[in-house]
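Listed below are the residues making up each chain.
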Amino acid sequence: MLILKLILKVLLFPLVVVCVLIKWMGILLMTCGAYVLSPLMLFILACGVYTVFMQQWNQTLILAVLELGGIALITGAAWIAGLAESAALTLTGF
């Protein structure tokens, strides 16, 4: 049983390495993406406020969709990094 477990650990090691790399890349992309997307999202929000005051509802809808898309990108990257970390911890705990 011990030999079988050792063989399985050796076979799963590349998968653990891939999960850890995905986690690190996700954290790096979230950090860099936050520095890039945050000012852009703030600008889109300011433009959205302006379009509400000017009653340009088509542009307001477009800006709201862009804002939600930015939020979805950041949330999705965090979700993927969390899943990769969970998978790596589960595989190393085996």
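Residues numbered from 1 in each chain as written. Predicted model: local features only at pLDDT ≥ 70, side-chain atom pairs only at ≥ 80, totals over all residues. Heavy atoms only, no water.

Colleague: Would you explain the environment of alanine 46 in this entry?
Modeller: Locating alanine 46 in the fold gives a position in helix α1 (residues 2-53). Each C-alpha atom of the pair alanine 46 and leucine 63 lies 9.7 Å from the other, and the pair is 17 residues apart in sequence. (Helix = DSSP H or I, 4+ residues; strand = E, 2+ residues; numbered from the N terminus.)

Colleague: Even after reading the chapter, I still don't get the side chain of glutamate 67, so can you show me in this structure?
Modeller: For glutamate 67, the location among the structural elements is in helix α2 (residues 57-92). Put simply, glutamate 67 is tucked away with no salt bridge, and the nearest opposite charge, on lysine 23, sits 28 Å away. If near-sequence neighbours (up to four positions away) are discounted, glutamate 67 is found in contact with Met41, Ile44 and Leu45. (Buried < 20%, exposed > 50% of the residue type's maximum accessible area, 1.4 Å probe, protein only. Lys, Arg positive; Asp, Glu negative; His and termini not counted. Salt bridge = Lys/Arg side-chain N within 4 Å of Asp/Glu carboxyl O. Contact = heavy atoms within 4.5 Å.)

Colleague: For this particular structure, what's the right way to read unusual backbone geometry?
Modeller: With the exception of glycine, most residues fall at negative phi, and the peptide bonds are largely trans. At glutamine 55, a residue that is not glycine, the phi angle is positive and equals roughly 55°. Along the polypeptide, glutamine 55 turns up in the loop between α1 and α2. On the basis of relative accessibility, which here comes to 58%, the residue glutamine 55 falls in the exposed class.

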